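Residues per chain are reported as follows:
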Amino acid sequence: MIKRNPQVSITTISSTQEERDKILKRIEIASILYEVSDPELPGISIVDLGMLVDIFPEEDHWHVMLATTYSGCPAIDVIPVIVKTALEDAGITDVKISMGISPPWSTDWISEVGKEKLLAYGIAPPNGSPTLHDEGKPKQCPQCGSTHTSLISLYGSTPCKASYKCETCLEPFEYFKCF
Ligand SMILES: [Zn+2]
């Protein structure tokens, strides 16, 4: 019986100057995007909201692919413009911004930091299961942290939010529904 050595695959780390430059540029673009807030949610980065899909080089420019979040929220038309302006202000002009519905954005893409910021902003973050089409309900009141909350209306200021009331501090607040 012949005993074979396990096959060992050697992955070489790309180390050409051109490839290193591409990695650095990608990080630079991502860090600028991290500073861009959703106009409806000041102080909450579009990256934390899960809107950044990809950044990749294409012929003579960089392509920034964004996800369209909730349909019916007016900020959608504004975001690509804000992103382009933020990049241009940082001296990055060779970019193309696209905003698509594929892959479809989900509240699952909101980072933990994004959820904490939503709560601090006064909006109860999504707490449910988009894959099971369960819009969920707030874990706690953003004002006092109470878990005793009740639904006022399925639709709040935008279709993506529901209106709730806290039964402890009696303050109304909005809940970002899962989808
Ligand atoms: Zn409360």
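Everything below is about the structure printed above this text.
Reading guide: rules and limits
- Residues numbered from 1 in each chain as written.
- Predicted model: local features only at pLDDT ≥ 70, side-chain atom pairs only at ≥ 80, totals over all residues.
- Pairing = 2+ DSSP bridges.
- Helix = DSSP H or I, 4+ residues; strand = E, 2+ residues; numbered from the N terminus.
- Core = buried A, V, L, I, M, F, W, Y, C linked by C-beta atoms within 7 Å.
- Buried ≥ 20, exposed ≤ 12 C-beta atoms within 10 Å, placed from the backbone.
- Domains from an automatic or database assignment.
- Contact = placed C-beta atoms within 7 Å.

What to know about the pairing of strand β3 (residues 52-58)
- With 6 bridges joining them, β3 and strand β4 (residues 61-67) adopt antiparallel strand pairing. By the bridge assignment for β4, P57 is matched with W62.
- In sequence, β3 turns back onto β4 through a hairpin of 2 residues, with E59 there showing a positive phi of about 40°.

Some thoughts on the nonpolar core
- Within the largest apolar cluster, 26 residues are counted, with the highest numbers of intra-cluster contacts made by M51, L66, A124 and F176.
- Counting residues per element, the ones that place at least two in this core are β4, α2 (79-89), β6 (123-124), β8 (161-166) and β9 (172-176).
- Looking at which element gives the most residues to this core, the answer is β4, with 4 residues.
- Inspection of this core shows a minimum of three residues originating in each of domain 1 (17-105) and domain 2 (121-176).

With respect to the environment of S129
- Along the chain, the position of S129 falls in the loop between β6 and β7 (149-153).
- Those residues in contact with S129 that sit more than four places away from it in its chain are D134, G136 and C178.

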